[in-house]
Amino acid sequence: MSRIGKAPIRLPDKTKVVTNGDTVTIEGPKGKLEQPLQPGIEVRVEDGVVTLHRSGSSGPERALHGLARALLANAVVGVTEGFRRELEIVGVGYRGEVKGREVHLALGYSHPVVYPIPEGIDVNVDDRANRIAVSGIDKQQVGQVAADLRSLRKPDAYKGKGIRYRDEIVRLKVGKAAATV
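Residues numbered from 1 in each chain as written. Predicted model: local features only at pLDDT ≥ 70, side-chain atom pairs only at ≥ 80, totals over all residues. Heavy atoms only, no water.

S.K.: Hey, could you run me through the nonpolar core in this one?
M.R.: Soluble globular proteins: nonpolar side chains tend toward being buried together. Formed by 21 residues in total, the largest nonpolar core has its most connected members in Leu-87, Leu-105, Ile-132, Val-134 and Leu-149. Those elements that place two or more of their residues in this core are strand 7 (83–90), strand 9 (102–106), strand 10 (113–116), strand 11 (121–126), strand 12 (131–136), helix 2 (139–151) and strand 13 (162–165). Broken down by element, this core gets its largest block of residues, 4 residues, from helix 2. Residues contacting Ile-132, with those up to four places away along its chain left out, are Arg-85, Glu-86, Leu-87, Ile-89, Leu-105, Val-123, Asn-124, Val-125 and Leu-149. Membership of the second largest hydrophobic core comes to 18 residues, among which are Ile-9, Val-17, Val-24 and Ala-75. (Core = buried A, V, L, I, M, F, W, Y, C linked by side-chain atoms within 4.5 Å. Buried < 20%, exposed > 50% of the residue type's maximum accessible area, 1.4 Å probe, protein only. Helix = DSSP H or I, 4+ residues; strand = E, 2+ residues; numbered from the N terminus. Contact = heavy atoms within 4.5 Å.)

Below, the structure written as structure tokens:
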């Protein structure tokens, strides 16, 4: 049996899980998420604990068992606490601001970069610290928006300028002049 798949998911207060055929709806204080179920996976909700069971023991079924449990656990955390990714803008003259449902970034290009914020995601930019905070209830969507923002100007290998994750360590290369000495 899958070690991850057999672990029960404890539901916090004010969180409820409803199964409708091949989808599971998780509702909590921060919002509501729907998670599709993989074939061969059954969800049982009893006394505030969600358990997942699979129909067979083949390799793909075991893998989907663990995957389904992890996705449901992330959805439960998302609707109760939410997810957050932080980015830093590093570089002289590099800055960002939120205008309506768009992020306007000055990243050293000849034009400002405008990134539309998807529905269900909140983006905050701290002007003084040049930090971007991406938050929402869907872990995958929060990570994707953070990755999209980072890809607008990845950190430079020589000076470290660009957009990086807050906990990311950028190793700088030695320049040409220092390498020949």
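Let's pick the thread back up.
S.K.: Explanation requested: the sheet that holds strand 13 in the structure shown.
M.R.: Strand pairing in a sheet relies on backbone hydrogen bonds. The paired strands run either parallel or antiparallel. Taking strand neighbours across the sheet as the criterion, the 4 strands line up as 11-12-7-13 in an open arrangement whose pairing is antiparallel. Edge strands, defined here as strands with exactly one partner in the open sheet, are strand 11 and strand 13. Looking at each pair of strands side by side, their axes are set apart by 25 degrees on average, direction ignored. Bridge count for strand 7 against strand 13 is 4 bridges, and the pairing is antiparallel. For Ile-89, the partnering residue across the bridge sits in strand 13 and is Ile-163. Contacts from helix 2 reach strand 7, strand 11, strand 12 and strand 13 within the one sheet, and its direction differs from that of strand 7 by about 5 degrees. (Pairing = 2+ DSSP bridges. Axes fitted to C-alpha atoms, helices over the stretch in contact; angles between N-to-C directions.)

S.K.: Explain the pattern of salt bridges to me, please; I cannot follow it from the model alone.
M.R.: Side chains bearing opposite charge may pair, as long as their charged atoms lie close to each other. For the structure on display, the rule yields 7 salt bridges. In this structure, the salt-bridge partner of Glu-42 is Arg-44, at a minimum N-O distance of 3.0 Å. Among the residues examined, Arg-44 registers a relative accessible area of 34% and is labelled partly exposed. Linking Lys-99 and Glu-97 is a salt bridge whose minimum nitrogen-to-oxygen distance equals 3.6 Å. Look at Lys-99 and you get partly exposed, because its relative accessible area is 45%. On the accessibility criterion, Glu-97 (37% relative accessible area) is partly exposed. Through salt bridges that share partners, Arg-84, Glu-86, Glu-88, Arg-131 and Arg-166 make up one connected network. (Salt bridge = Lys/Arg side-chain N within 4 Å of Asp/Glu carboxyl O.)

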